[in-house]
Amino acid sequence: MADLDREYVEFVGAASASLRRTAFLVCGERHKADDIVQDTLCKLYVSWPKVRRVGNPFSYVRRMVVNAAYDRGRLRSRREVTVAEVPDSAYRHDFAAGHADRDEVLEALRSLGPRQRACVVLRYYEDLTIEETAEILGCSEGTVKSQASRGLDTLRQAIDRARRTSRAL
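Rules of the game
Residues numbered from 1 in each chain as written. Predicted model: local features only at pLDDT ≥ 70, side-chain atom pairs only at ≥ 80, totals over all residues. Heavy atoms only, no water. Helix = DSSP H or I, 4+ residues; strand = E, 2+ residues; numbered from the N terminus. Buried < 20%, exposed > 50% of the residue type's maximum accessible area, 1.4 Å probe, protein only. Contact = heavy atoms within 4.5 Å. Areas by Shrake-Rupley, 256 points an atom, 1.4 Å probe, with all protein chains shown as cover. Salt bridge = Lys/Arg side-chain N within 4 Å of Asp/Glu carboxyl O. Axes fitted to C-alpha atoms, helices over the stretch in contact; angles between N-to-C directions. Left-handed = near helix turned anticlockwise from the far one by under 90°. Nonpolar A, V, L, I, M, F, W, Y, C, P; charged D, E, K, R; others polar. Polar contact = N/O pair within 3.5 Å; in protein donor to acceptor, adjacent residues only side chain to side chain. Core = buried A, V, L, I, M, F, W, Y, C linked by side-chain atoms within 4.5 Å. Parallel < 35°, antiparallel > 145°, perpendicular 65-115°, else oblique.

Draft legend 1. Main features of the overall build of the chain. Looking only at helices and strands, the chain has seven helices and zero strands in total. Start at the N end of the chain and walk to the C end: the helices and strands fall as α-α-α-α-α-α-α. The buried share of the chain, taken over its 169 residues, is 36%. Across the chain, every contact between residues at least 6 apart in sequence was considered, and the portion connecting residues at least 24 apart equals 68%. In the form shown here, the chain has an accessible surface area of approximately 10700 Å², with 50% of it arising from carbon and sulfur atoms.

Draft legend 2. The pattern of salt bridges, seen in detail. Applying the stated criterion across every chain yields a total of seven salt bridges. With a shortest N-O distance of 3.3 Å, glutamate 126 and arginine 62 are connected by a salt bridge. One end of the pair, glutamate 126, is in the loop between helix H5 (114-125) and helix H6 (130-137); the other, arginine 62, is in helix H3 (residues 57-79), with 64 residues separating them in the sequence. Accessibility assignment for this pair places glutamate 126 and arginine 62 in one class, buried. Between arginine 156 and aspartate 153 there is a salt bridge, and its shortest N-O distance comes to 3.1 Å. Here arginine 156 and its partner aspartate 153 are both found in helix H7 (residues 141-168), three residues apart, which amounts to about one turn of the helix. You can call arginine 156 partly exposed: its relative accessible area is 48%. Judged by its relative accessible area of 36%, aspartate 153 falls in the partly exposed class.

Draft legend 3. Examining the packing of helix H1 (residues 3-27) against helix H2 (residues 30-52) more closely. One can describe the packing of H1 onto H2 by two numbers: an axis separation of 9 Å at closest approach and a directional angle of 145°. The two elements H1 and H2 cross, and the hand of that crossing is right-handed. Here the residues of the contact of H1 with H2 are counted per class, giving 17 nonpolar, no polar and seven charged.

Draft legend 4. Expanded view of the environment of arginine 117. Structurally, arginine 117 can be placed in helix H5. By relative accessible area, which is 2% here, arginine 117 ends up buried. Separated by 2.4 Å, the side chain of arginine 117 and the backbone oxygen of valine 26 make a polar contact.

Draft legend 5. Examining the nonpolar core more closely. One finds Phe11, Leu19, Leu41, Leu44, Val66, Leu109 and Leu137 to be the most contacted residues of the largest nonpolar core, which totals 41 residues. Mapped by element, the contributors of at least two residues to this core are H1, H2, H3, helix H4 (97-111), H5, H6 and H7. By residue number, the principal contributor to this core is H1, which donates 10 residues. If we skip the residues at most four places from it in the chain, leucine 137 touches Arg63, Val66, Arg115, Ala118, Cys119 and Leu122.

Draft legend 6. Spotlight on the packing of H5 against H6. Packing of H5 against H6 brings their axes to within 10 Å, and their N-to-C directions diverge by 140°. Considering the angle they form, H5 stands oblique to H6. Seen along the crossing, H5 lies across H6 with a hand that is right-handed. Within the contact between the two elements, H5 uses Arg115, Ala118, Cys119, Leu122 and Arg123 and H6 uses Ile130, Thr133, Ile136 and Leu137. The class makeup of the residues in the contact of H5 with H6 is six nonpolar, one polar and two charged.

So, in structure tokens, the structure goes:
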């Protein structure tokens, strides 16, 4: 195996789990996140010689993943219609409190638009700075601040609504 291929394989082994988590949090669905990461890593292989010279290939690839998830989110929002409840649900999940909180947050994340979701995930899950988030998303720092703030407000409202609904049942 050539040195370049070996470096690529090592990079993928070290970065793929984190990239999948980021893609999942941005797009909201595991199978789509896996597809996004796989597509991104295929594109990465073609341009690996150039990308590895960038200095921080993980940051570069994370940006590729977020952009791909963001693009899919924009396409999805034009085709899919959300409904309040899934019809013909076999059963309701009854998870422990920690899992319920996690599920509420993930569901609330799904309610955000792609740009807000990306800002919230990068700022608060990936713990990136405003500057790093703006660079990854290709927008201004002000946009990151406003989108993250609006995203957090929307998350709070969605979680409050979900809790009020569950208490009413």
